[in-house]
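Report on the structure
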Amino acid sequence: MSRLATTILLFGFLLFILFWRLDEPSGPLSRTRMLMGTVVEIRVDDPEPERFRDAVTAAFDEMARIERLMSLHLAKSEVSRISRAGEPVEVSAETATVLRTALKVSVASDGAFNPGLGRLIRLWGFTDGEPRVPSKMEIEEALVGIGPESLTLEDGKLFKSDRSITIDLGGVAKGYAIDRAVEMLSAAGVKHASVNAGGDLRLLGDRDGTPWRIGIQHPRKKDAVLATLSVADRAVVTSGDYERFFEQAGRRYHHILDPYTGYPAERCQEVTVVADSAALADALATAAFVLGPEKGLELLQKTEKVEGLIVAADGQVVFTSGLQEIVQWP
Ligand code: FAD
Ligand code: MG
């Protein structure tokens, strides 16, 4: 073969490789950021996802803004400010929205979910990184005046029945931040995406024409999947006793507290909730975890457009009737 023919062949081969590479659909765009004490992943599955790079950054910034507004870990947040206030205190429209979801779930769960539990959660040290088992007397004191009727929201003002009630939105605000990130992505034109904050997630659209397949962590077998859910355009949020806990004298103490006893709730290992909004799913998962398999399942079953799965303390699994259509067992 002449040198010219060889050169043409080689050139043709390189052109083929170049166009073949250009033609190949690029993979999803995936970015992570540390927020609210956990790793948040935003993934965009649209064609040419790189064009949504700025939208992803804006969605992360939005979640960071909500963290600054609603974190109990930050003294300057609005939630810290209203916790310190004694008189009826004005709350921003946004914090009022999250508080309304929290109070709605609080009423529906007979107070099993309680956004006024901050004092008790602080006492256990779950917010300052030095967890400990408080004395019985300390717990009794922290429970005084924190019934479900102790917080009311009227005309943009929060009324606390007792000055010392401390607001903690740790069981609902992460879900709200996920919702806002998804809304930002959608407004920017993204059609297929997921926002995942430490395992709590919401999906935008489907995944390229097929549902997303979401694995639910087994509560007792590390790295094992309990079940897989096929879902699109929905939030999937899990509360478990295996995520944040400490051990003392051979006992495990986790961060989901039963407002009726003041101790970690004992009836469940894990609850997963599927709903349209991640904020609602977040609060319901925490509430059902406290209520346990019977009452928790009742709560999920009676809430419209919500499905869920509960692993009881003895390992038994119960789930809502509609979950059957979207669940696959291993
Ligand atoms: P969930 O079951 O969804 O919620 C459990 C959390 O809800 C508990 O940690 C407690 O805060 C609260 N809670 C417990 N019992 C009840 C109850 N009966 N009713 C209502 N609420 C209850 N973590 C860090 O380590 N560092 C941070 O800087 C930090 N900042 C945060 C900022 C924000 C705005 C939010 C929302 C969370 C932040 N977190 C941070 C995490 C937080 O401390 C909680 O651990 C986390 O929200 C728990 O979420 P979860 O999905 O694991 O559990
Ligand atoms: Mg929750």
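Residues numbered from 1 in each chain as written. Chains lettered and ligands numbered in written order. Predicted model: local features only at pLDDT ≥ 70, side-chain atom pairs only at ≥ 80, totals over all residues. Heavy atoms only, no water.

Observations concerning the site of ligand 1
With respect to spatial proximity, 27 residues lie near ligand 1, and among them Gly170, Ser239, His255, Leu257 and Asp282 are the closest. When ligand 1 sits alone it has 930 Å² of accessible area, and the protein chains cover 91% of it. Listed by contribution, the elements that provide at least two residues to the shell around ligand 1 are α2 (53–70), α7 (173–187) and α8 (278–291). In terms of residue count, α8 provides more of the shell around ligand 1 than any other element does, three residues in total. Looking at side-chain class alone, the shell around ligand 1 contains 11 nonpolar, nine polar and seven charged residues. (Near = heavy atom within 4 Å. Areas by Shrake-Rupley, 256 points an atom, 1.4 Å probe, with all protein chains shown as cover. Helix = DSSP H or I, 4+ residues; strand = E, 2+ residues; numbered from the N terminus. Nonpolar A, V, L, I, M, F, W, Y, C, P; charged D, E, K, R; others polar.)

Quick notes on the environment of Val327
Turning to its location among the elements, Val327 is positioned in strand β16 (residues 327–328). A relative accessible area of 9% means that Val327 is categorised as buried. (Buried < 20%, exposed > 50% of the residue type's maximum accessible area, 1.4 Å probe, protein only.)

Topic: the coordination of the magnesium ion (ligand 2)
Gly171 (O), Asp282 (O), Asp282 (OD) and Thr286 (OG1) make up the full set of protein donors to the magnesium ion (ligand 2), lying at 2.0 to 2.7 Å. All donor residues of the magnesium ion (ligand 2) come from one chain, and their arrangement in sequence is G-x110-D-x3-T. Residue Asp282 and its partner Thr286 are both found in helix α8; the two are separated by four residues, about one turn of the helix. For the pair shown, Asp282 and Thr286 are each scored as buried. (Donors = N, O, S within 2.8 Å, 3.2 Å for Na, K, Ca; no water.)

Quick look at the side chain of Asp282
Salt bridges are absent for the buried Asp282, whose nearest opposite-charge side chain, Lys174, sits at 5.9 Å. When neighbours within four sequence positions are excluded, Asp282 is seen to be in contact with Gly171, Val172, Ala173, Lys174, Gly175, Asp200 and Val237. (Lys, Arg positive; Asp, Glu negative; His and termini not counted. Salt bridge = Lys/Arg side-chain N within 4 Å of Asp/Glu carboxyl O. Contact = heavy atoms within 4.5 Å.)

Observations concerning the nonpolar core
Ranked by size, the top nonpolar core spans 86 residues in total, and within it Met63, Met70, Leu120, Leu169, Leu185, Val195 and Val271 carry the most contacts. With 12 residues, α8 is the single largest residue contributor to this core. Those residues in contact with Val271 that lie beyond four places of it in its chain are Val237, Thr238, Ser239, Ala285, Ala288, Phe289, Leu300, Leu309 and Ile310. One finds Val231, Val236, Leu323 and Ile326 within the second-largest nonpolar core, a separate group that totals 16 residues. (Core = buried A, V, L, I, M, F, W, Y, C linked by side-chain atoms within 4.5 Å.)

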